[in-house]
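# Fold and geometry: a report
Chain by chain, the residues run as shown.
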Amino acid sequence: ELLCAVGEAYENCNDFNSAMAWYEAAYALSGNDEVLGMYLGIALALDENDLAKRVLEQTDEGARGLYYWAAVYELERKTNGDRELQITALQELQEVQSEPNYLLRLAMLYLEEDREKDAAKACKKVIRLFLSGEEVEYAKALQEAIKEGTGKEGRGAAHANAGQYL
């Protein structure tokens, strides 16, 4: 906990390289998923993509939680990596915590992979879980485009309304 506090202090002073070193030490001692998120958040922000990839590959399967899967998704998205791995990461994230933005990103990836049925299910889950809000309106518009058979093409209209949360 002390190591994280020092890392956070360096991060607050915009000394991100020092913060990353302290978070790395904290993660090495704890193996904690949240500390992994702090460490990889800085690494990804500093474009240390190879480092992030090595750390993710070395993470024990039993320690793969919310922050692990978020980092996997962000790394693959940022580097235009494997779409199937992005889908897997988003699916795993939904197992840990349902969040409308990740569900909508998952729907978009499904559409890009011509998996309209899965995209419609992701939209339905957003609508069912979150009931109202901009994300729900976007999910409804995207779901309607999929029903009309304009999935990929129709997502452009729905996507135009979604800029701030996708």
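Look a little higher up for the structure.
Model, not experiment: these values are computed from the prediction. (Residues numbered from 1 in each chain as written. Predicted model: local features only at pLDDT ≥ 70, side-chain atom pairs only at ≥ 80, totals over all residues. Heavy atoms only, no water.)

### Comments concerning helix α5 (residues 66-78)
This is how the line gets drawn: Strands are runs of DSSP state E lasting at least 2 residues, helices are runs of H or I lasting at least 4, and numbering of each runs from the N terminus. By this rule the span expected of a helix is its residue count minus one, scaled by 1.5 Å. Summary of the burial criterion: residues with accessible area below 20% of their type's maximum are buried, those above 50% are exposed, and those between are partly exposed, where the area comes from a 1.4 Å probe applied to protein chains only. Should any heavy atoms of two residues lie within 4.5 Å, those residues are considered in contact.
A rise of 1.5 Å per residue sets the reference length of α5, with its 13 residues, at 18 Å; its end C-alpha atoms lie 18 Å apart and thus fit the reference within 8%. Residues of α5 that are buried include every one of Tyr 68, Trp 69, Ala 70, Ala 71, Val 72, Tyr 73, Glu 74, Leu 75 and Glu 76, and no others. Tucked inside the fold, the buried residues of α5 contact α3 (33-45), α4 (49-58), α6 (83-96) and α7 (100-112). Positioned one or two residues after α5, Asn 80 has a phi angle of 50 degrees, which is positive.

### Overview of the packing of aromatic side chains
To keep things clear, this is the line we draw: Paired rings are identified among Phe, Tyr and Trp, the last through its six-membered ring, by centres lying within 6.5 Å, and are further divided according to the angle between planes into stacked (under 30 degrees), edge-to-face (over 60) and tilted (the rest).
By the definition in use, this model includes 2 aromatic pairs. Taken together, a centroid distance of 5.8 Å and an interplanar angle of 85 degrees make the contact between Tyr 73 and Tyr 102 edge-to-face. One end of the pair, Tyr 73, is in helix α5; the other, Tyr 102, is in helix α7, with 29 residues separating them in the sequence. By the burial criterion, Tyr 73 is buried, and Tyr 102 matches it.

### Remarks on the pattern of salt bridges
Operational definition: By salt bridge we mean one thing: a side-chain nitrogen of Lys or Arg within 4 Å of a carboxyl oxygen of Asp or Glu.
If you walk through the whole model with that rule in mind, you get 8 salt bridges. With a closest N to O distance of 3.4 Å, Arg 115 and Glu 84 form a salt bridge. Taken together, the positions of Arg 115 in the loop between α7 and α8 (116-130) and Glu 84 in helix α6 put the pair 31 residues apart, joining distant regions of the chain. For Arg 115, a relative accessible area of 25% translates into the label partly exposed. Here the salt bridges do not stand alone but share partners, grouping Glu 74, Arg 77 and Arg 105 into one network.

From the geometry alone we can't say anything about function, so treat these as descriptive.
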